[in-house]
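Secondary and tertiary structure notes
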Amino acid sequence: GEDELARETYAKLGDIESLMALYVRRTQWDEALKLADEHKGKFDSALFLPYAEYLALHDRFDEALDAYRRSGRPDQSQNMMEQLTFNAVLEGRFKDAAYYYWLMANETLRAAATSGGGAVKDRTALLQFQEHLHCADLYFAYQHIQSFFLPFTNLQPEMLFQVARFLMNSLGA
């Protein structure tokens, strides 16, 4: 119960791990991040995984995605992006869905590049990258069609026609 005294004691003893555990337990993220920056690479999973979960619970999703990456858990980042994309589509927020598909495409490419030593050699990763990028384009285009039916819009009918043509050609219809 004496967190301030414990913090001082850990600092004087040089017990960095216990000090970090105290910061994480008390959700003092600024101090924890500062300590992690001073000791690069030592607390990646111990700090950034709970920090990412904290950020996700407080609707700071972009920061949470970065924290999951820094924790060494890109799978958690991928799961969160998939869930955010699913929710955006379900709620009709197609511009957000396009953004999350674009993020998933970049994450797929980044994961394939790090596992391949810098060059992307995995054919399935490239196909998944192209699929995510294609979905991002489709949802971004459809967002324009959805916004055309709002009560007030500045979109011209010609633009709606061109976007519809793009969607028809992209879907192979």
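A few points on the structure. In this text, all values refer to a predicted model and were calculated from it rather than measured experimentally. (Residues numbered from 1 in each chain as written. Predicted model: local features only at pLDDT ≥ 70, side-chain atom pairs only at ≥ 80, totals over all residues. Heavy atoms only, no water.)

Proximity of charged atoms lets side chains of opposite charge pair with each other. By the definition in use, this model includes 6 salt bridges. Across the salt bridge formed by Arg-60 and Glu-63, the nearest N and O atoms sit 2.7 Å from each other. Take Arg-60: its relative accessible area is 33%, and that puts it in the partly exposed class. Under the relative-accessibility criterion, Glu-63 is labelled partly exposed at 38%. In this structure, the salt-bridge partner of Arg-93 is Asp-96, at a minimum N-O distance of 2.5 Å. On the basis of relative accessible area, Asp-96 is assigned to the partly exposed category, the value being 30%. (Salt bridge = Lys/Arg side-chain N within 4 Å of Asp/Glu carboxyl O. Buried < 20%, exposed > 50% of the residue type's maximum accessible area, 1.4 Å probe, protein only.)

Attention now goes to helix α3 (residues 29-38). For α3, every residue scored as buried is listed here: Trp-29, Ala-32, Leu-33, Leu-35 and Ala-36. Angular distribution of buried residues about the axis of α3 spans 160°; they occupy a single face of the element. In α3, the exposed residues that point more than 90 degrees away from the buried face are Asp-30, Lys-34 and Glu-38. (Helix = DSSP H or I, 4+ residues; strand = E, 2+ residues; numbered from the N terminus. Arc of directions from axis to C-beta.)

Here we come to the nonpolar core. The biggest cluster of nonpolar side chains holds 29 residues, and the ones touching the most others in it are Met-20, Leu-47 and Tyr-51. Where this core is concerned, the elements lending two or more residues are α2 (16-25), α3, α4 (44-57), α5 (61-70), α6 (74-90), α7 (94-115) and α8 (123-148). The biggest single contributor to this core is α4, with 6 residues. Ala-141, Ile-145, Val-163 and Leu-167 belong to the second-largest nonpolar core, a separate cluster that totals 5 residues. (Core = buried A, V, L, I, M, F, W, Y, C linked by side-chain atoms within 4.5 Å.)

Read these as layout, nothing more, since geometry by itself doesn't imply function.
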